[in-house]
Amino acid sequence: NFALETKFDDLPDIVVRRTKEVILDSVGCALGGHTTERAKIGIAFVRSLGGYEQASIIGDHRAPFPLAAFANAELINALDFDTIGPTGHVSPYVIPPCLSIAEKIKASGKDLITAVAVAHELAGRIAGSLTTHLLPKKEPPYYEWSPRYSYTSTIFGAVAGACKLLGLDEEGTANAFGIAGASTPVPAGMKWEHTPGPAIMLKYNCWSGCVAQLATTAALLAEKG
């Protein structure tokens, strides 16, 4: 209901301003990301698959909606310069699906800002609820804080933004959440989260691209019914 009912006029001025900054920052990060081998491989992969020229890869060619989201996520995340919010690097996962769907429906700037703001809000809160775990110890206080990150949970924010732009109803949005949740690489995330040792950086293995692509795909599948 939050994702569906939030309107541009509901957003505080500071949220609108910060959302604009995050979008612009992400575009800048993507342009800089072209210098990295990681991004070059991602773009070459997308180009090799062909398909309809539906959505823009920032600073490059056009590709099908899900593949453009994959490439843009890899570009935004490639240099590790992307925005850090209260729960880390959410933007590379949630902005690319919104950009692809915004092009599909020829969204207004206000519609894009609203979707991106909602996507960050949901992704940040869900990721934040999973960020820190208590590891047991034999001595008092019998536990220690151990921050662990599994950014795959941000997919629900990405799906919310994409569905909002598509104008899906409650059932359609719920279906998109279900498709995304059932398909996200949670087992790998849980494996790392419960492995003793220092907090690891799961975002360096093309999950930003895979999550963004899956979120876009889930929303488009739900739109088809």
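Numbering of residues starts from 1 in each chain and follows the order in which that chain's sequence is written. In view of the model being predicted, local features appear only for residues whose pLDDT reaches at least 70, and side-chain atom pairs are presented and counted only at 80 or more, with totals across whole chains, interfaces and linings using the full set of residues. Working from all heavy atoms in the structure, the side-chain values ignore hydrogens and water.

## Considering the pattern of salt bridges
1) Next: Salt bridges, as used here, are contacts in which a Lys or Arg side-chain nitrogen is within 4 Å of a carboxyl oxygen on Asp or Glu. By the definition in use, this model includes seven salt bridges.
2) Next: For glutamate 223, the salt bridge identified is with lysine 104, shortest N-O distance 3.9 Å. Placement of glutamate 223 in helix α10 (residues 207-224) and of lysine 104 in helix α5 (residues 91-105) is noted, with a sequence separation of 119 residues between them.
3) Next: Put simply, glutamate 121 and arginine 125 hold a salt bridge, and the shortest N to O gap is 2.6 Å. Placement of the pair is glutamate 121 and arginine 125 together in helix α6 (residues 109-129), with a separation of four residues, close to one helical turn.
4) Next: Think of it in three bands: residues with accessible area under 20% of the maximum for their type are buried, residues over 50% are exposed, and the middle band is partly exposed, with areas taken using a 1.4 Å probe on protein chains only. Classification of glutamate 121 by relative accessible area gives partly exposed; the value is 32%. Only DSSP runs of H or I with at least four residues qualify as helices, and only runs of E with at least two residues qualify as strands; both kinds are numbered from the N terminus onward.

## Examining the nonpolar core
1) Next: Working definition of a nonpolar core: buried Ala, Val, Leu, Ile, Met, Phe, Trp, Tyr and Cys residues. They are joined through side-chain atoms within 4.5 Å. Among the nonpolar cores identified, the biggest contains 49 residues, and Val46, Ile57, Val94, Cys98, Ile155 and Val159 are the most heavily contacted of them.
2) Next: Only α2 (13-33), α3 (37-49), α4 (65-78), α5, α6, α7 (155-166), α8 (170-183) and α10 provide two or more residues apiece to this core.
3) Next: Any two residues whose heavy atoms approach within 4.5 Å at even a single point are treated as in contact. Excluding residues within four positions of it along the chain, valine 159 makes contact with Ala176, Phe177, Ala180, Ala215 and Ala218.

## A word on a negative patch on the surface
1) Next: A cluster of acidic residues, Glu5, Asp169, Glu170 and Glu171, forms a negative patch on the protein surface.
2) Next: Within the secondary structure, glutamate 5 is located in helix α1 (residues 2-5). Only residues whose relative accessible area exceeds 30% and that form no salt bridge are eligible for patches; like-charged ones are grouped when within 9 Å, while nonpolar side chains (Val, Leu, Ile, Met, Phe, Trp, Tyr) are grouped when within 5 Å. All accessibility values rest on the Shrake-Rupley procedure with a 1.4 Å probe; residue burial counts only the protein chains present in the view. Positive charge is attributed to Lys and Arg, negative charge to Asp and Glu, and no charge count is given to His or to the chain ends. A charged residue contributes its charge at one atom only: NZ of Lys, CZ of Arg, CG of Asp or CD of Glu.

## Comments concerning the side chain of threonine 36
1) Next: Locating threonine 36 in the fold gives a position in the loop between α2 and α3.
2) Next: Leave out the neighbours within four places in its chain, and threonine 36 touches Ala78 and Leu79.

## Observations regarding the packing of α2 against α6
A pair of packed helices is captured by two measures, namely the crossing angle of their axes and the spacing between those axes.
1) Next: Running from N to C, α2 and α6 point in directions that differ by 90 degrees, and their axes come no closer than 10 Å. Classified by the angle between their axes, α2 and α6 sit roughly perpendicular to one another. Residue-level contacts link Val15, Val16, Thr19, Lys20, Val22 and Ile23 of α2 to Leu112, Ile113, Val116, Ala117 and His120 of α6.
2) Next: Charged means Asp, Glu, Lys or Arg here, nonpolar means Ala, Val, Leu, Ile, Met, Phe, Trp, Tyr, Cys or Pro, and polar covers whatever is left, Gly included. Residues belonging to the contact of α2 with α6 are distributed by class as follows: eight nonpolar, two polar and one charged. Between the N-to-C directions of two axes lies an angle of 0 to 180 degrees, each axis being a line fitted to C-alpha atoms and, for a helix, fitted only over the stretch in contact. Roughly parallel means an angle under 35 degrees; roughly antiparallel means over 145; roughly perpendicular covers 65 to 115; every other angle is labelled oblique.

## Notes on the state of the cysteines
1) Next: A pair of sulfur atoms, both from cysteines and within 2.5 Å, is called a disulfide here. Summed over all chains, the structure comprises zero disulfides.
2) Next: The thiol of cysteine 163 is unpaired, and the distance to the nearest cysteine sulfur, on cysteine 98, comes to 9.9 Å.
3) Next: Residue classification places cysteine 163 among the buried positions, given a relative accessible area of 1%.

## Some details on unusual backbone geometry
As a rule of thumb, non-glycine residues mostly have phi less than zero, and peptide bonds are mostly trans rather than cis.
1) Next: The omega torsion across proline 140 and proline 141 is 5 degrees, close enough to zero to call that bond cis.
2) Next: As for its placement among the helices and strands, proline 141 is situated in the loop between β3 (132-136) and β4 (143-147).
3) Next: Residues other than glycine seldom take positive phi values, yet aspartate 80 does so here, at roughly 60 degrees.
4) Next: Mapped onto the fold, aspartate 80 is located in the loop between α4 and α5.

## Looking at the layout of surface pockets
1) Next: Every definition here rests on a 1 Å grid over the protein atoms only: cavities are sets of points where a 1.4 Å probe fits but cannot get out, pockets are open sets enclosed by protein on both sides within 12 Å along at least five of seven lines, and lining residues have some atom within 4 Å of a point. Grid points are joined across faces, edges and corners, and a volume is the space filled by probe spheres set on the points. Quantified by volume, the largest pocket comes out at close to 570 Å³.
2) Next: Taken together, 24 residues make up the lining of the largest pocket; nearest its centre are Val15, Pro86, Ala117, His120 and Glu121.
3) Next: Secondary structure elements with two or more residues in the lining of the largest pocket: α2 and α6.
4) Next: Among the elements that line the lining of the largest pocket, the one with the most residues is α6, at seven residues.
5) Next: The residue inventory of the lining of the largest pocket, partitioned by class, reads 12 nonpolar, nine polar and three charged.

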